[in-house]
Amino acid sequence: MQLRHKDLLGLEYLDKEEINLILETARPFKDLFTRSVKKVPPLRGKTVVLLFYEPSTRTRTSFELAAKRLSADVLNISASTSSVAKGESLIDTAKTLEAMKADFVVIRHSMAGAPHILASKIGASIVNAGDGTHEHPTQGLLDMFTIWERKGKLSGLKVAIVGDILHSRVARSNIWGLNKMGAKVYVVGPATLIPPRIEDMGVRVYYDLDDIIGELDVINVLRIQIERQKENLFPSLREYNEIFGITEERLKRAKEDLLVMHPGPMNRGIEISSSVADSSRSAITEQVTNGVAVRMAVLYLLAGGDSRGVRK
Amino acid sequence: MKLVIRNGRVVDPKNGIDKRLDILVENGKIVKIGEPTQFRPGDVTRSTVTIDATGKMATPGLIDMHTHLREPGREDEETIASGTRAAARGGFTSICCMPNTQPVIDSVSGVKFILTTAAQEGVVNVYPIGSITKGQKGEELAEIGKMRIAGIVGISDDGKPVMNAQIMRRALEYAKMFNLTVISHCEDLNLSLGGVMNEGFISTVLGLQGIPKQAEEIMVARDIALAELTGGKLHLAHITTRGSVDLIRQAKKKRIRVTCETAPHYFSLSEEDVQGYNTNTKINPPLRTKDDIKALCEGLADGTIDCIASDHAPHLDVEKDLEYNMASFGIIGLETVVPLVLTNLVRKKILGLSEAIAKLTVNPADILGLEKGSLSIGSDADLTIIDLELKKKIGKEFISQSKNSPFIGEELSGFPVATIVAGKVVMEDGKLV
């Protein structure tokens, strides 16, 4: 089995079998990390461009490591150093990368739909590394991988995503993915940070985490951005912390094996307390490791790979 | 100079005509309409220019009461010359241009510039609309009276609302003296701030910031209340939501002086067309839902919506080939109004032919007090001939300098085939004469 599309623009566009394929493929790549030589040859001779219009350390280095461990050549272009600052349009940048015969373009952009523009203009495989408040599909995949590894399944699990859902591409990708895999998804956050008609994506909305905390198998905590306070989306960080912060106290009523995740970077003491972030419940550092494995799987599969190797 | 249009289906809503007739034009005026038998030997001579309209429809010249010509200031996007040619290709003989140019048309000199340039370089009638406030800043009234004397036919800060209700009140009151219609762009800027599409499920999925319908409806309600307060003549531009249609319907029942328009894209496309991030779907107000389309059709059918206007808003490719958030708002429309009305309203039996033509002729003329929009004997010989059966796929061959149309690639039925301004043929078979 192979992926149906040349690009990974969002989990909205994948089906259950494709998600399963990516997760299954990531597992042997993760096993590779325990070896002394962590590099395999499938993408030798391929060029992966990391085109980052937004600052990102975690996602960029994760993709870089994934590409390098697959033996690809990696080119980093970031907004601060590139022609973007000189006012070149995304489409012109795309044409330039096309002319350089890039095989993959991994794009992070502050605006929704930017990866779609690239995908429609150039033949390289486009991987969305986060576009505005639209999707962050590899984050969604690595979150699902993490849950799947810890719980042995996704179907039937109850997963809450807590925080600023409105501005979260991580939330959207998780919702698409988890729903397709048969999990039950809740979103919890201030009413001002719940996007309109999110229920129609197949989630249930709660404003009080305590209402459902006892039933949850997984809680995925989102970063709250202080800038949102200036837009009058919530009155203060301390109020946010009191109502939505994930603390030991709040988790007393949770299941013993509740898994706590966070896509990072964390605001310790605001959306999550340090003691929870560093507890045995937390899979936060493991998510980082899994991110590399999942991104390897994505690049490998988009290159035409299957269980027997890359064929094109 | 004489012109005769033979054997066309003459549809003149003002005079209640819908019949196969001949039209005789002399010295730029309509002099006779009737059966061929009613014509005397001297009426048509060998020197009379004949247009055979057999199998086609002849209507009063179409009027677009909402056009952006971009000149002065953005002649790279459109000029009075190119915009009037696009209008002629689209079947329009008269267009009303919005004042949100650079500089804003907020003074007599601006009005004179438009009229002079249009007389020299235009191919259809151009009626300027002046701004409500100086520089469209929403702070001080523009010299409405002086502009009226210079030739404006309405006032509007279109592109922006007049956010201050007191200023809007004063504008409605003051414009009454001149029998001028105040055209309102209904948008609460605080609610719409940052939005790029309709707020709802699709905006949530696409991760684009939404503009709630209420941003429009709150201002529709406010302006209706102010029209009631002042007795001023209020026209609401580009209405897009069910709530707005309901408010206007109620206001009309209460005999408040309010009229409104919608644009063809609002009944032809919905928010679902934004999927895929095609920036030619980025318009303000935004494309709404299928239910709103239904409400617009109901409003068009029962007369709540008086007019259909293009809201022709030219933008260059460089302003549109961008990330969705960065792209300019607006699409061109002059060259696609007629086929969209005929394909999406008349063929679907939402409007009768005469009702549809009324919304493009006599109704806008009445709202703005133009002596246009009918085929009455003695009136200006502005005519549009339309082939109801002509099917074409919309390509990129617009006469407009800009090509930002979401309808490129769509097959539509019913196109204008001749445009006649004051007895002179300015467009024939889609080509400018």
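Here goes a summary of the coordinates provided.

Here the focus is the interface of chain A and chain B. Contacts between chain A and chain B engage 22 residues on the former and 15 residues on the latter. Interface area for chain A against chain B, summed over the two sides, is near 1,500 Å², with a carbon-plus-sulfur share of 65%. The largest share of the area that chain A buries against chain B comes from A:M111, A:A112 and A:P196, three residues that together contribute 31% of it. Contributions of two or more residues to the side of chain A that touches chain B are made by helix 3 (90–99), helix 4 (114–121) and helix 6 (169–180) of chain A. Here the element with the most residues in the side of chain A that touches chain B is helix 4 of chain A; it accounts for three residues. Per-class residue counts for the side of chain A that touches chain B are eleven nonpolar, six polar and five charged.

Residues and elements named next belong to chain B. This model, assessed by the stated rule, comprises zero disulfides over all chains. Left unpaired, C186 is separated from the closest cysteine sulfur, that of C260, by 9.5 Å. With no disulfide of its own, C260 lies closest to C307 among cysteine sulfurs, the gap being 7.8 Å.

Counting 86 residues, the largest nonpolar core has B:L236 and B:V341 as its most contacted members. Not counting residues within four places of it along the chain, the set of residues in contact with B:L236 comprises B:S184, B:C186, B:V220, B:D223, B:I224, B:I248, B:V258, B:T259, B:C260 and B:E261. Membership of the second largest hydrophobic core comes to 67 residues, among which are A:L21, A:A26, A:L70 and A:F145.

Turning our attention to the environment of B:G378. Residues and elements named next belong to chain B. Topologically, G378 is positioned in the loop between helix 14 (362–368) and strand 16 (383–393). Residue G378 is classed as partly exposed on the basis of its relative accessible area of 46%. In this structure, the C-alpha to C-alpha distance between G378 and K32, residues 346 residues apart in sequence, is 8.5 Å. Among residues more than four places away in sequence, those in contact with G378 are K29 and I30.

Residues and elements named next belong to chain B. Pairing is parallel in the open sheet, where five strands are placed in the order 9-10-13-14-15. Pairing within the sheet leaves two strands with one partner each, and these edge strands are strand 9 (154–156) and strand 15 (307–308). Bridging between strand 13 (residues 233–236) and strand 14 (residues 258–262) involves three bridges; their strand directions are parallel. Paired with L236 across the strands is C260, a residue of strand 14.

All names here are of chain B. Each neighbour pair has its own omega, and for Q102 with P103 the value is 5°, a cis peptide bond. Within the secondary structure layout, P103 lies in the loop between strand 7 (92–97) and helix 2 (108–121). Following N284, the chain continues into P285 via a peptide bond in cis, with omega recorded as -5°. Not every positive phi belongs to a glycine, and N27 is a case in point at roughly 50°. Mapping N27 onto the fold places it in the loop between strand 2 (17–26) and strand 3 (29–34). One non-glycine residue, A422, lies in positive phi territory at about 50°. Along the chain, the position of A422 falls in the loop between strand 17 (411–421) and strand 18 (424–428).

Conventions used here
Residues numbered from 1 in each chain as written. Chains lettered and ligands numbered in written order. Predicted model: local features only at pLDDT ≥ 70, side-chain atom pairs only at ≥ 80, totals over all residues. Heavy atoms only, no water. Contact = heavy atoms within 4.5 Å. Buried area = accessible area lost by both parts, 1.4 Å probe. Helix = DSSP H or I, 4+ residues; strand = E, 2+ residues; numbered from the N terminus. Nonpolar A, V, L, I, M, F, W, Y, C, P; charged D, E, K, R; others polar. Disulfide = S-S within 2.5 Å. Core = buried A, V, L, I, M, F, W, Y, C linked by side-chain atoms within 4.5 Å. Buried < 20%, exposed > 50% of the residue type's maximum accessible area, 1.4 Å probe, protein only. Pairing = 2+ DSSP bridges.

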